Amino acid sequence: MEIRIQNLSKKYKDIKALNNINLTINTPAMIGLIGPNGAGKSTLMKILVGQLIPTEGDVLIDGISLSKREKYLKERLGYLPQDFGLYEELRVEEYLDYMASLKGIKRNRKEVIKRVLITTNLEEKSRIKIKTLSGGQKQRVGIAQAILNSPELLIVDEPTVGLDPEERIKFRNLFSEDSIDKIVILSTHIIEDVESICNLIIVINKGKVLFIGEPSELVKKAIDHVGVIEVTGNNKEKFLERELKGEFKITSTVITPTGTRYRVVSRNLSSSFEKVVPSLEDAYIYCMLEGGEDKYVFV
Amino acid sequence: MSLFKNEIKFMFKSKIIIFLIMASCIIMTIGINSINMSNDFDLFYIRESSSTISFGSAKFGASICSLLFGLFTVLTLDKDMRKRSKGIIESNINYYNLMMIRILAIVFYEIVATLIGMIVVIAIQKSLYTIPINISYYLFNYWIVLFPSLLFSTLIVSGLYLLTNSLDISFITLGVIFIKSLTSHNYLLTWVQTNIDIVSDFVGFEPIGHTIIYNRILWIFICISIFCLGLLFKRRYGFNLRNSFLTNVKSKVLVLLVIAAILGSGFIYIKEPYTMELMRNSETIIDEKVYLNGLNPKIIFNNKKREMSGEVSYSFINKGSNLIKFNINEGLKIDFIKVNGKEIEYKKTKDESTIEVPVPNIEKVEITISYGGKIKSDKNGVGRGMPGYISKNSIYLLENSNWIFRPLVKEGDYINISGYYSAPDYLTMVTPGKLIDVETKGGTRKWMFEYESHTADIGAFGGKYKKSEFTFQNMTVEFYYSPKHEEYVESMKIEEHIKNIMKYYTENIGEYYSETYPLKIAEVALYKRGGHSSENVITISENMLNRDKDMYSLIDDNGKIEPMDISMKTDIFVKDISLIAHEMAHQWWGTGVNVVESSPWSSEGLAQYFSYKYIQNEFGDMVSNMELSRWENRVRELKNYYYINNSEMLDKVNEKYRKSLEMEKIQSELYYLMPIKLLKGEEILGEKGFLNELEKVYKKYLSKDLTYEAFLREMNLSKEDIEIE
């Protein structure tokens, strides 16, 4: 599958949620879509699943406009929105059975449901009513419905929220394994998730794509822009004032016996900082700092 | 199809639908007795049959279940919004296709609820009531009355939901449309429960069946319009109402469907073929320069087609007019009009309720009108107060349906009326005046009659009657009633009561006005409530001859009731007898003496007074006082009415409402105030003295006009004497 996003913009009255986005994604891909709240991630995903239409530009699915390929897309799509609800009065297997019928799964429906129940570790809960499940278990049901039809395009918005660390790892692996023959777009705030499984990162802010590339490339961009410093009690206030002025962004604070140790990201790291190897999180913050200037730094 | 099956399965699992079907069955079962639960006095203790049981349960079911299914529909459509599951669902399937499938699944359960409800009620009728089943009533009432109301409710609320995207607004709007249906007198608007109170046991649903079907056709179009409008405004791609419309309007098929459905609804509403504004539009200004002195109707009824055709000749004495107006019935199309043998051009008024026929300014004018077609009934009277209809098994044509075009001229002292009604031979016709001959030929029977009258009020009544004939003194009474109601007539000694009424009136008013014309009393369907009297023909609605067997215990072998046994049954029976007595009194006051109406004075007051006197004489003061208190209450109610007390405010209300208030006031004066005034006169003169004076008035004014002033003068009373506080 090929998804080509061409000059895509979406306006809500006077607000531009997406601003002239151009992207091409081909199978296989495991994409991490990251950005702050209100960056335009959900809008982009809703356009990709056909729930919104762009104000300008187009999305081509295998070379044909999405507006003409809605059915084609839906047959190949698995989607889990960030804020979703389930039919809580149903049992888990009943719900999945209903969703399977909506997805047009007619053959071996029971086997398909059994497979996703095992995959999402819900086998034991299959006869339980959804309303009695915990938040994390409901999240798993949401993921289960998204993968029922073995989609060619899986779009998941904050899928690991509410899951315990063990489950998170399991799902990360699941998405990763799945991406062998499909496109998985994972929108998240948890950089750790992206770091561990995504082979492509899209950083988006204020409706613009700030970066597209491999995680290592993003990290590379941040080299020489991440440093640490230990500040003693008397100088602390002055140091924090410098952050407020926008000189740098503190990414971690550790209290030590001699003062406070800060890790910072800066566009122009002064010599007073001890340079360190950036993490993906540092790189993301650096990307945000650059993007805040309203210019395409990395794309 | 698999999605449809899946939705059905899915809804079934939600359990609400099981509850809804069970609730519907319970509601329909309760509805079996809904006729007795209503406040409709005429229908209390009506004999239960397939028609009453199936109609009562279907109508009651329609009234409540349409709201329940409407609520279920809107909750189903709004479910994904409430549960925040729309995002997931929408990513799998076109959401509006799914909505359609869900609506179809609801309709499927409406069919199931109707079917199960019908089977349950049939089982109850068969096992508990042990009444034979007439399946045609069930099929009609459940599938033409009940099921469409559920379907319409679902379609309307679906359309409203798509339009407003709001559960609350769509359900409240459905509620408003629902209330409009319950309160409207216009049968076209009563989509929930129809305009009918009961299906006639005497003639079946045929006289009103086509109006119900027409209502259903109209509402199919209206529902499609609302639903398609909803689809045109359905919210898509996160757009607001306007932008959604601009997106949806690109579908040419949908736009065409909306236009076709709206135009279709309008066309069906405007071109409605069965009714007209009969009472409101009729012109009443009389041309004082022209007298009617002869009328010759030759009418052929085609009951299978519900049509009539014929020629009516009118003889006039013209004293200087160039034009004669006729009130007509819009359903009857004129073939030609001849004036003194020559075909002429005539003019129709704008509202098509009156024609103007130019006539030469000579003394003798003969007008012959040839016309035919289907009679139109009054728009607001369908099912309850129909002045005229022709159906396969019955003919009911009152003069006020204008089935004989009514000339707006003065009526001569005597009008010679003769003619014939030709009808299928399985019907018995009740003709006015004297039946002079009957000819049967090729499946039709011609009923020839003649009489002299001081009015041109002429009716035609036909049905599958049993005729009972008895004599009293020098007069004959012909009593026509349905063979289905023979047991009640015999058990409740209705004929005895008729004889007793005759005896009381001849002893206290005077001899019956004619030795030539028999008094004819005919049962008619409940589609026109109460009774009617014109010339020597009285009609009484079937409820008076078709009550429950429980009523039999009320009377003793002589037809008397225990005076102390004042119960609902007594009240109903006395009211029935009182109504028969009222109509019979019109033979003395109305047909015998022409009482010139000038509110509160009219023949109604005298008929009320004499029916009261009969009841008092027959059943005692305790029973008759119930009727008196009813009159007093009605007068009191009216006197306390704001707009009646503040007549200057009447100008500020809309014309339709004002007219209905004025009509109510006049009716109250004629039917309730006047008899109370007469009772006051009786108090002044003493009962014997008052009745003696009335007897003298009757003798003196027989076949003459009696005005209020003349009456007071003859009775030695003044208006002030009988003034009521």
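Just so you know, these numbers come straight off a predicted model, no measurement behind them.

## Points about the overall build of chain A
(1) Moving on: Tallying secondary structure elements over chain A gives 10 helices and 14 strands in all.
(2) Moving on: Projected onto the principal axes, the alpha-carbon positions of chain A cover approximately 70 × 45 × 35 Å.
(3) Moving on: The buried share of chain A, reckoned over its 299 residues, is 41%.
(4) Moving on: Excluding contacts between residues fewer than 6 apart, the proportion of contacts in chain A whose partners are at least 24 apart in sequence is 69%.

## Some words on the overall build of chain B
(1) Moving on: For chain B, the count of helices and strands is 22 helices and 25 strands.
(2) Moving on: Here the C-alpha radius of gyration of chain B, 29 Å, is about what a compact globule of 725 residues would show, namely 27 Å.
(3) Moving on: By residue count, 45% of the 725 residues in chain B fall in the buried class.
(4) Moving on: In chain B, the proportion of contacts linking residues at least 24 apart, taken out of those at least 6 apart, comes to 74%.

## Some thoughts on the UniProt feature "transmembrane region" (unreviewed entry) in chain B
Residue and element names in this part refer to chain B.
(1) Moving on: Residues annotated by UniProt as "transmembrane region" (unreviewed entry) correspond here to residues 16–35, 55–77, 98–122, 142–164, 171–192, 212–233 and 253–270.
(2) Moving on: The distance from the first to the last C-alpha atom of residues 55–77 is 31 Å, and the span holds 100% helix and 0% strand.
(3) Moving on: Structurally, residues 142–164 is divided into 100% helix and 0% strand, and its ends, taken at the C-alpha atoms, are 32 Å apart.

## Observations regarding the domain arrangement of chain B
(1) Moving on: Domain parsing of chain B yields domain 1 (2–272), domain 2 (275–462) and domain 3 (594–715).
(2) Moving on: Just the C-alpha atoms count here: the centres of domain 2 of chain B and domain 3 of chain B sit 31 Å apart.

## Digging into the environment of Ile204 of chain A
Residue and element names in this part refer to chain A.
(1) Moving on: Turning to its location among the elements, Ile204 is positioned in strand S9 (residues 200–205).
(2) Moving on: Between the alpha carbons of Ile204 and Gln139 there is a distance of 25 Å; along the sequence they are 65 residues apart.
(3) Moving on: Other than its neighbours up to four places away in sequence, Ile204 contacts Leu33, Gly35, Ala39, Gly40, Lys41, Leu44, Val209 and Leu210.

## With respect to the sheet that holds strand S21 (residues 519–524) of chain B
All names here are of chain B.
(1) Moving on: Strands sit in the order S19-S20-S21-S23-S22 across an open sheet of five strands; the sheet is mixed. Two strands in the sheet have a free side with no partner beyond their single neighbour: strand S19 (466–472) and strand S22 (531–534). The mean inter-strand angle of the sheet, taken between neighbouring strand axes irrespective of direction, is 15°.
(2) Moving on: The sheet contact formed by S22 and strand S23 (residues 537–541) spans four bridges and is antiparallel. Note that in S23 the partner of His532 across the bridge is Thr539.

## Looking at the environment of Lys206 of chain A
(1) Moving on: The residue Lys206 of chain A is located in the loop between S9 and strand S10 (208–213) in this model.
(2) Moving on: Spatially, the C-alpha atom of Lys206 of chain A lies 8.7 Å from that of Pro36 of chain A, the residues being 170 residues apart in sequence.

## Concerning the confidence of the model for chain B
(1) Moving on: When pLDDT is averaged along chain B, the result is 92, and 99% of the positions lie at 70 or above.
(2) Moving on: For this predicted complex, the interface score ipTM comes out at 0.87, alongside a pTM of 0.88.

## Points about the packing of helix H17 (residues 621–639) of chain B against helix H20 (residues 655–685) of chain B
Residues and elements named next belong to chain B.
(1) Moving on: Closest axis-to-axis distance for the H17/H20 pair is 9 Å, and the angle between their directions is 135°. Accordingly, the angle class assigned to the pair H17 and H20 is oblique. By crossing handedness, the relation of H17 to H20 is classed as left-handed. Residues Trp631, Glu632, Arg634, Val635 and Leu638 of H17 pack against Lys665, Ser668, Tyr672, Leu673, Pro675 and Ile676 of H20.
(2) Moving on: Classifying every residue of the contact of H17 with H20 gives seven nonpolar, one polar and three charged.

## What about the interface of chain A and chain B?
(1) Moving on: Contact with chain A, which involves 24 residues of that partner, is made by 19 residues of chain B.
(2) Moving on: The set of elements that each furnish at least two residues to the side of chain A that touches chain B consists of helix H2 (70–75), strand S6 (77–80) and helix H3 (92–102) of chain A.
(3) Moving on: Tallied by class, the residues present in the side of chain A that touches chain B amount to 13 nonpolar, four polar and seven charged.

## Remarks on the pairing of strand S12 (residues 249–256) of chain A
Residues and elements named next belong to chain A.
(1) Moving on: Taken across its eight residues, S12 has zero buried, putting it largely on the surface.
(2) Moving on: Examined bridge by bridge, S12 and strand S13 (residues 259–265) share seven bridges and lie antiparallel to one another. Looking across to S13, one finds that Ile250 is bridged to Val264.

## Quick notes on the sheet that holds S9 of chain A
Backbone-to-backbone hydrogen bonds pair the strands of a sheet. The strands run either parallel or antiparallel.
Residues and elements named next belong to chain A.
(1) Moving on: Taken in spatial order, the six strands line up as S6-S7-S8-S3-S9-S10 in an open sheet, and their pairing is mixed. Every other strand in the sheet has two partners, leaving S6 and S10 as the edge strands with one partner each. Strand-to-strand twist across the sheet, computed as the mean angle between neighbouring axes with direction ignored, equals 15°.
(2) Moving on: Those strands touched by helix H1 (residues 41–48) are strand S3 (29–34), strand S7 (153–157), strand S8 (183–187) and S9, and its axis lies near 150° from that of S7.

## Re helix H1 (residues 2–13) of chain B
Owing to its 3.6 residues per turn, the α-helix aligns residues three or four sequence positions apart on the same side.
(1) Moving on: Here H1 of chain B is 12 residues long and its end C-alpha atoms lie 16 Å apart, about the 16 Å a rise of 1.5 Å per residue gives.
(2) Moving on: If you check which residues of H1 of chain B are buried, you get Glu7, Phe10 and Met11 of chain B. Summarising the axial view, the buried residues of H1 of chain B lie within an arc of 95°, below the 170-degree limit, and thus occupy one face.
(3) Moving on: Where H1 of chain B is buried, its residues meet H3 of chain A together with helix H2 (16–31) and helix H6 (95–129) of chain B.

## Focus: the packing of H3 of chain A against helix H5 (residues 135–146) of chain A
Residue and element names in this part refer to chain A.
(1) Moving on: In contact at an axis separation of 10 Å, H3 and H5 are set at 30° when each is read in the N-to-C sense. When the axes of H3 and H5 are compared, the pair comes out roughly parallel. By crossing handedness, the relation of H3 to H5 is classed as right-handed. Along the contact surface, H3 presents Val92, Tyr95, Leu96 and Met99, while H5 presents Val141, Ala144 and Gln145.
(2) Moving on: Split by residue class, the contact of H3 with H5 holds six nonpolar, one polar and no charged.

## Points about the environment of Ile509 of chain B
All names here are of chain B.
(1) Moving on: As for its position among the elements, Ile509 is in the loop between helix H14 (494–508) and S21.
(2) Moving on: Here Ile509 falls in the buried class, since 23 other C-beta atoms lie within 10 Å of it.
(3) Moving on: Spatially, the C-alpha atom of Ile509 lies 8.4 Å from that of Lys699, the residues being 190 residues apart in sequence.
(4) Moving on: Each residue touching Ile509, except ones within four places of it in the same chain, is listed here: Trp588, Phe610, Leu694, Glu695 and Tyr698.

## A short note on the UniProt feature "domain: Peptidase M1 membrane alanine aminopeptidase" (unreviewed entry) in chain B
(1) Moving on: Here, UniProt's "domain: Peptidase M1 membrane alanine aminopeptidase" (unreviewed entry) annotation points to residues 577–718 of chain B.
(2) Moving on: End C-alpha to end C-alpha, residues 577–718 of chain B measures 32 Å, and it is 75% helix and 3% strand.

## Side note on the pairing of S6 of chain A
Residue and element names in this part refer to chain A.
(1) Moving on: Along S6, one buried face is formed by Leu77 and Tyr79 and the opposite face, lined by Gly78 and Leu80, is buried too.
(2) Moving on: Pairing analysis gives four bridges linking S6 to S7, with the strands arranged parallel. Note that in S7 the partner of Leu77 across the bridge is Leu153.

## Digging into unusual backbone geometry
(1) Moving on: Put simply, Thr27 of chain A and Pro28 of chain A share a cis peptide bond, and its omega is -5°.
(2) Moving on: Residue position: Pro28 of chain A is located in the loop between strand S2 (15–26) and S3.
(3) Moving on: Residues other than glycine seldom take positive phi values, yet Thr130 of chain B does so here, at roughly 45°.
(4) Moving on: Position of Thr130 of chain B among the secondary structure elements: in the loop between H6 and helix H7 (135–164).
(5) Moving on: Of note, Thr194 of chain B is a non-glycine position whose phi angle comes to about 65°, a positive value.
(6) Moving on: For Thr194 of chain B, the location among the structural elements is in the loop between helix H8 (167–183) and helix H9 (206–233).

## What to know about the confidence of the model for chain A
(1) Moving on: In the predicted model, chain A carries a mean pLDDT of 88, and the fraction of residues at 70 or more is 97%.
(2) Moving on: Of the regions scoring below 50 in pLDDT, residues 293–299 of chain A engages in 11 contacts with residues more than four places distant in sequence or in other chains.

Procedures and definitions
- Residues numbered from 1 in each chain as written.
- Chains lettered and ligands numbered in written order.
- Predicted model: local features only at pLDDT ≥ 70, side-chain atom pairs only at ≥ 80, totals over all residues.
- Helix = DSSP H or I, 4+ residues; strand = E, 2+ residues; numbered from the N terminus.
- Buried ≥ 20, exposed ≤ 12 C-beta atoms within 10 Å, placed from the backbone.
- Contact = placed C-beta atoms within 7 Å.
- Rg over C-alpha atoms; globule rule 2.2 N^0.38 Å.
- UniProt positions renumbered as here; feature names shortened; annotations may be inferred.
- Domains from an automatic or database assignment.
- Pairing = 2+ DSSP bridges.
- Axes fitted to C-alpha atoms, helices over the stretch in contact; angles between N-to-C directions.
- pLDDT = per-residue confidence, 0-100.
- Parallel < 35°, antiparallel > 145°, perpendicular 65-115°, else oblique.
- Left-handed = near helix turned anticlockwise from the far one by under 90°.
- Nonpolar A, V, L, I, M, F, W, Y, C, P; charged D, E, K, R; others polar.
- Expected span 1.5 Å × (residues − 1).
- Arc of directions from axis to C-beta.

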